[in-house]
Amino acid sequence: MPELVRTLLTKAQMAEGVAALAKSICEANAGAESIALVGVFTRGVPLAQRIATEIKRLGCTQVLFGTIDITQYRDDLSTFQMVPKLEGSDIPFDLDGVNVVLCDEVIYTGRSVRAALDELLNFGRPKRVQLAVLVDRCGREFPVQPDFSALKVTLAPGERVAVRFEEVDGQDACTVQTQASPR
């Protein structure tokens, strides 16, 4: 069955969203010596990199950068047709006492964030952990809410948000995909 696709954010709107996220993160962390941005593989990584670049441009604080792989902490691996490639986490700095901003492209059920927190705490005890997402999709299964989001949407069952980044997918796009019903 073909999928129906509609645009949620254009490339320009994605860039505006990243700029707004960076500004909000700077305001919420005013006075902090540094902020650690930690991108969740796969598409949270380019989001975190873009936010880091924007924070550096704003000059509000020093930015530390790391990546986190939640594959081993997922509670839904048995539902995957293909198990995701293990990337491994890379946090090359001490997390103790640091303000951390986890970055992921979409939050939906909250399960990925739960898994990310489990992995993150293996690296130390942050002062505080905040969550930044490009798209906040309603429908939580866990009591987790983003501190920063560029867009909040409510979708119908059968619809999914697909975020693409040039660094990973060769293009910037944020769409809603709907499985077409058979006739």
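Calculation notes
Residues numbered from 1 in each chain as written. Predicted model: local features only at pLDDT ≥ 70, side-chain atom pairs only at ≥ 80, totals over all residues. Heavy atoms only, no water. Disulfide = S-S within 2.5 Å. Helix = DSSP H or I, 4+ residues; strand = E, 2+ residues; numbered from the N terminus. Buried < 20%, exposed > 50% of the residue type's maximum accessible area, 1.4 Å probe, protein only. Salt bridge = Lys/Arg side-chain N within 4 Å of Asp/Glu carboxyl O. Core = buried A, V, L, I, M, F, W, Y, C linked by side-chain atoms within 4.5 Å. Contact = heavy atoms within 4.5 Å. Axes fitted to C-alpha atoms, helices over the stretch in contact; angles between N-to-C directions. Parallel < 35°, antiparallel > 145°, perpendicular 65-115°, else oblique. Left-handed = near helix turned anticlockwise from the far one by under 90°. Nonpolar A, V, L, I, M, F, W, Y, C, P; charged D, E, K, R; others polar. Arc of directions from axis to C-beta. Pairing = 2+ DSSP bridges.

(A) Summary view of the state of the cysteines. Tallied over the full model, the rule gives one disulfide. Between Cys26 and Cys60 runs a disulfide, and the two sulfur atoms are separated by 2.0 Å. Where Cys26 bonds to Cys60 through sulfur, the torsion about that S-S bond is close to -55°, and the disulfide is left-handed. Here Cys26, found in helix 1 (residues 11-28), pairs with Cys60, found in the loop between helix 2 (44-58) and strand 3 (62-68); they are 34 residues apart in sequence, far enough to count as distant. On the basis of relative accessible area, Cys60 is assigned to the partly exposed category, the value being 35%. Note on Cys103: no disulfide assigned, nearest cysteine sulfur contributed by Cys26 at a separation of 12 Å. On the basis of relative accessible area, Cys103 is assigned to the buried category, the value being 0%.

(B) Here's a closer look at the pattern of salt bridges. Evaluated as defined, the whole model comprises 10 salt bridges. Between Arg43 and Asp169 there is a salt bridge, and its shortest N-O distance comes to 2.6 Å. Remark: Asp169 occurs in helix 4 (residues 166-169) and Arg43 occurs in the loop between strand 2 (34-40) and helix 2; sequence separation between them is 126 residues. One network of salt bridges, in which partners are shared, links Arg50, Glu167 and Asp172.

(C) The nonpolar core, seen in detail. Ranked by size, the top nonpolar core spans 30 residues in total, and within it Leu37, Ile51, Val135, Val161 and Val163 carry the most contacts. In terms of residues, this core owes the most to one element, helix 1, which gives six residues. Ignoring sequence-local partners within four residues, the contact set of Ile51 consists of Val18, Leu21, Ala22, Ile25, Leu37, Cys103 and Ala132. If you look at the next biggest cluster of nonpolar residues, it comprises 20 residues, including Val40, Ile68, Phe93 and Val100.

(D) Representation of the packing of helix 1 against helix 2 in the model. Two elements in contact, helix 1 and helix 2, have axes whose closest approach is 9 Å; the angle formed by their N-to-C orientations is 60°. In terms of axis orientation, helix 1 runs oblique to helix 2. Both helix 1 and helix 2 take part in a crossing whose hand is right-handed. In this structure, helix 1 contributes Val18, Ala19, Leu21, Ala22, Lys23, Ile25 and Cys26 to the contact, and helix 2 contributes Leu47, Arg50, Ile51, Glu54, Ile55 and Leu58. Residue classes in the contact of helix 1 with helix 2 are distributed as 10 nonpolar, no polar and three charged.

(E) Main features of helix 3 (residues 111-120). Regarding helix 3, the residues found buried are Val113, Ala115, Ala116, Glu119 and Leu120. Projected down its long axis, helix 3 carries its buried residues within an arc of 160°, all on one side. Contact partners of the buried residues in helix 3: strand 2, strand 3, strand 4 (99-107) and strand 5 (128-137).

(F) Local environment of the side chain of Ser34. By the element assignment, Ser34 lies in strand 2. Residue class for Ser34 comes out buried when judged on its relative accessible area of 18%. With sequence-adjacent residues up to four places away left out, Ser34 is seen in contact with Thr61, Gln62, Leu64 and Asn99.

(G) Here's a closer look at the sheet that holds strand 3. Reading across from one edge, 3-2-4-5-6 is the order of the five strands in this open sheet, with parallel pairing throughout. In this open sheet, the two strands that pair with only one neighbour each are strand 3 and strand 6 (148-153). Neighbouring strand axes in the sheet, compared pairwise and without regard to direction, differ in orientation by 25° on average. In terms of strand pairing, strand 2 meets strand 3 through seven bridges, oriented parallel. Each residue of the ladder has a partner; that of Val40, found in strand 3, is Ile68. Against the sheet, helix 1 makes contact with strand 2, strand 4, strand 5 and strand 6, and its axis sits at roughly 130° relative to strand 6, the strand it touches most.

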